[in-house]
Amino acid sequence: MFTARPATPADAAVITRIYNEGIHDRVGTFETRERTTADIQQWFDGRHPIVVVESPSGEVVAYASTSWYRARDCYAGVAEFSVYVGRNGRGHGAGRIAMDALIDAAREAGFWKLLSRVFVENDASRRLLARVGFREVGVYHKHAQLDGVWRDVVIVERLIPQNQPGPAASSAPETVPAAG
């Protein structure tokens, strides 16, 4: 049974290894430059939750993290997220445990929305995110190149209604009376 816990800077080396696997596999990020442990340690800013998932033996097999969406104050409750599962942990539910824990941590941190972009052909991630309540908002066509090839991405979002300020707003489109 996998378990999730908040990540600490001491987890930076294993998070780096898992992220670099994702960079090499070319299925989860446009990034091509390997990260260092020092790069990952900068993620621990005290504001943005990061969680890791451990196997029964205590090995970290997955992580999920949040980061800044935009610097403007109006977006203070919106975070981008990533989730990565190490090659040896894929297909066993570690990604689901990571995302459930990250959503809970984001709620506790006061975020009202999580969002990201997923390669359109990354069916496993798209299924995972749908199962934990994300909706696909649309597609950015030719969002960026990876290895010289233009790639499309699906925009995903998940609202955290407990943290949405102000009166509840309808997400239904307004209707316009027909011209008569």
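None of the values given here were measured: they were computed from a predicted structure.

Draft legend 1. The overall build of the protein chain, seen in detail. When its secondary structure is counted, the protein chain shows four helices and seven strands. Tracing the protein chain from N to C terminus, the helices and strands come up as β-α-α-β-β-β-α-β-α-β-β. Its C-alpha atoms give the protein chain a radius of gyration of 17 Å, near enough to 16 Å, the size a compact globule of 180 residues would have. Taken over 180 residues, the protein chain has a buried fraction of 40%. Put simply, the protein chain shows about 10300 Å² of open surface, and 52% of that area lies on carbon and sulfur atoms. For the protein chain, the separation between the mean place of its 21 positive charges and that of its 21 negative charges on side chains is 3 Å.

Draft legend 2. Examining the sheet that holds strand β1 (residues 3-6) more closely. Spatial strand order, β1-β2-β3-β4-β5-β7-β6: seven strands in an open sheet with mixed pairing. Unpaired on one side and paired on the other, β1 and β6 (135-146) mark the two borders of the sheet. Across this sheet, the average inter-strand angle for adjacent strands is 25 degrees, counted without regard to direction. Where β6 meets strand β7 (residues 149-159), eight bridges bridge the pair, whose relative direction is antiparallel. In the sheet register, A144 faces β7, and the bridge partner there is R151. Sitting on the sheet, helix α1 (residues 12-25) touches β2 (50-54), β3 (60-68) and β4 (78-85), and the angle it makes with β3 is about 85 degrees. The strands touched by helix α4 (residues 123-131) within the sheet are β4, β5 (113-119), β6 and β7, with β5 carrying the most contacts at an inclination of about 160 degrees.

Draft legend 3. Representation of the environment of D73 within the structure. Mapped onto the elements of the fold, D73 is located in the loop between β3 and β4. With a relative accessible area of 72%, D73 lands in the exposed category. Separated by 54 residues in the primary sequence, D73 and Y19 place their C-alpha atoms 29 Å from one another.

Draft legend 4. Region of interest: helix α3 (residues 94-108). Helix length check: α3 (15 residues) gives 21 Å between terminal C-alpha atoms against 21 Å at 1.5 Å per residue, within 8%. Here α3 has its buried residues at A94, G95, A98, M99, A101, L102, I103, A105 and A106.

The rules behind the values
Residues numbered from 1 in each chain as written. Predicted model: local features only at pLDDT ≥ 70, side-chain atom pairs only at ≥ 80, totals over all residues. Heavy atoms only, no water. Helix = DSSP H or I, 4+ residues; strand = E, 2+ residues; numbered from the N terminus. Rg over C-alpha atoms; globule rule 2.2 N^0.38 Å. Buried < 20%, exposed > 50% of the residue type's maximum accessible area, 1.4 Å probe, protein only. Areas by Shrake-Rupley, 256 points an atom, 1.4 Å probe, with all protein chains shown as cover. Lys, Arg positive; Asp, Glu negative; His and termini not counted. Charge placed at Lys NZ, Arg CZ, Asp CG, Glu CD. Pairing = 2+ DSSP bridges. Axes fitted to C-alpha atoms, helices over the stretch in contact; angles between N-to-C directions. Contact = heavy atoms within 4.5 Å. Expected span 1.5 Å × (residues − 1).

In short, geometric facts, not functional conclusions.
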